[in-house]
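# Chain and residue survey
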Amino acid sequence: MSTDSTLLAAHWAQVRGRVDDACRAAGRDPAGVSILPVSKTFGAGVIRAATALGLRRFGENKVQEIRDKSPLLADCDIRWVMIGHLQTNKVKDVARLVDEVQSLDRMELAEALHRRLQHEGRAIDVLVQVKTSSEPSKFGLPPAQLPALLNTLRHFDTLRVRGLMTLATQSTDAAVVRGCFRRLRELRDQAAQAQGHALPRLSMGMSGDFALAIAEGATEVRIGSAIFGSRAAPETADSHV
Ligand SMILES: *Cc1c(COP(=O)(O)O)cnc(C)c1O
């Protein structure tokens, strides 16, 4: 193995260990929390090395990056997961290349994706991204609109709604961050009770805040820098430039 591969393997083992520790601290079974490696800004070579560790699903926040990397990794059986803000005019590539969308945040996008997936003859898993943060820059569906969107999505057989996703407020105050994660879990529970929607998956928590998310019921944490190292260009998680 090259030095890079060795380092990647060490980081991966370390992150899995920290996630397991957070599960135990929260009284949860580590088998109930999966890790989505977030490979945005990292090249095909790094992702290929990660597949050697058995990783298959990778989170990206720009359609263009998936377009660039997927032909270089066509032999790797990768499942691309879209976690970034999606413009409606990008659905053509999404319907063709992406296996799961976690950033479904509006009706217009759902309709466009559904039409395009019908055209492709495909169905994909989706999570609805809900805005639990008060920061103006964050994307996500306003919580009050969640019941209506979930009811409409029932009619779109190309979009299999599996759960909810959120980004917490960026804050050094753990109570504020944790409050965002709790909000998502409560919204999920309300949707189940009031509307009968089964939403087993909660995608929440990143490198800096995953322990809090796990304490609030995350079933999946999205981890970039703790696995792959810090990204060259500083950017916010929501950046879509
Ligand atoms: C970049 C990103 C992550 C991972 O962030 P890290 O802090 O590098 O772990 C998670 N979720 C989303 C939506 C992102 O854009």
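Description of the structure in this document. (Residues numbered from 1 in each chain as written. Predicted model: local features only at pLDDT ≥ 70, side-chain atom pairs only at ≥ 80, totals over all residues. Heavy atoms only, no water.)

## A short note on the side chain of Glu220
- Relative to the helices and strands, Glu220 resides in strand E8 (residues 220–223).
- A polar contact of 3.2 Å, which involves the side chain of Glu220, links it to the side chain of Arg57.
- Beyond its immediate chain neighbours, meaning those up to four positions away, Glu220 contacts Val33, Ser34, Leu36, Arg57, Gln102, Arg201, Leu202, Ser203 and Met204. (Helix = DSSP H or I, 4+ residues; strand = E, 2+ residues; numbered from the N terminus. Polar contact = N/O pair within 3.5 Å; in protein donor to acceptor, adjacent residues only side chain to side chain. Contact = heavy atoms within 4.5 Å.)

## Structural notes on the packing of helix H6 (residues 146–153) against helix H7 (residues 174–195)
- Between H6 and H7, whose axes approach to 11 Å, the crossing angle comes to 60°. Judged by the inter-axis angle, H6 sits oblique to H7. As H6 packs across H7, the resulting crossing turns out to be right-handed. Together, Leu146, Pro147, Leu150 and Asn151 of H6 and Leu187, Ala191 and Gln195 of H7 make up the contact between the two elements. (Axes fitted to C-alpha atoms, helices over the stretch in contact; angles between N-to-C directions. Parallel < 35°, antiparallel > 145°, perpendicular 65-115°, else oblique. Left-handed = near helix turned anticlockwise from the far one by under 90°.)

## Description of the nonpolar core
- Residues Val19, Val101, Val128, Leu159, Leu164 and Val221 are the most contacted members of the largest nonpolar core, which totals 65 residues.
- Beyond its immediate stretch of four places on either side in the chain, Val19 contacts Val33, Ile35, Phe210, Ile214 and Val221.
- The next biggest cluster of nonpolar side chains, apart from the first, holds 6 residues, and it includes Leu36, Val38, Val81 and Ile83. (Core = buried A, V, L, I, M, F, W, Y, C linked by side-chain atoms within 4.5 Å. Buried < 20%, exposed > 50% of the residue type's maximum accessible area, 1.4 Å probe, protein only.)

## Points about the environment of Ala215
- Within the secondary structure layout, Ala215 lies in helix H8 (residues 210–215).
- Assessed through its relative accessible area of 32%, Ala215 is described here as partly exposed.
- Considered as a pair, Ala215 and Thr88 are 127 residues apart in the sequence and their alpha carbons are 34 Å apart.
- When neighbours within four sequence positions are excluded, Ala215 is seen to be in contact with Ala26 and Arg178.

## Side note on the pattern of salt bridges
- For the structure shown, the criterion picks out 21 salt bridges.
- As a salt-bridge pair, Arg182 and Glu216 come within 3.2 Å of each other at their nearest N and O atoms. Separated by 34 residues along the polypeptide, Arg182 in helix H7 and Glu216 in the loop between H8 and E8 bring together distant segments of the chain.
- In this structure, Asp189 engages Arg188 in a salt bridge whose closest nitrogen and oxygen atoms are separated by 2.9 Å.
- A residue is classified by how much of its surface remains accessible, and Asp189, at 29% relative accessible area, is partly exposed.
- On the accessibility criterion, Arg188 (17% relative accessible area) is buried. (Salt bridge = Lys/Arg side-chain N within 4 Å of Asp/Glu carboxyl O.)

## Overview of the packing of aromatic side chains
- Under the counting rule described, the total for this entry stands at 2 aromatic pairs.
- Look at Phe58 and Trp80: their rings are 6.4 Å apart centre to centre, the planes differ by 50°, and that puts the pair in the tilted class. In this pair, Phe58 sits in strand E2 (residues 57–60) while Trp80 sits in strand E3 (residues 79–82), placing the two residues 22 residues apart along the sequence. (Phe/Tyr/Trp six-rings, centres within 6.5 Å; stacked < 30°, edge-to-face > 60°.)

## Describing the site of the ligand
- Near the ligand you find 12 residues, and of these Lys40, Ser207, Gly224, Ser225 and Arg231 are the closest.
- A distance of 2.8 Å separates a nitrogen atom of the ligand from a polar side-chain atom of Arg222.
- A distance of 2.8 Å separates an oxygen atom of the ligand from a polar backbone atom of Gly224.
- Taken together, the residues that form the shell around the ligand break down as 6 nonpolar, 3 polar and 3 charged. (Near = heavy atom within 4 Å. Nonpolar A, V, L, I, M, F, W, Y, C, P; charged D, E, K, R; others polar.)

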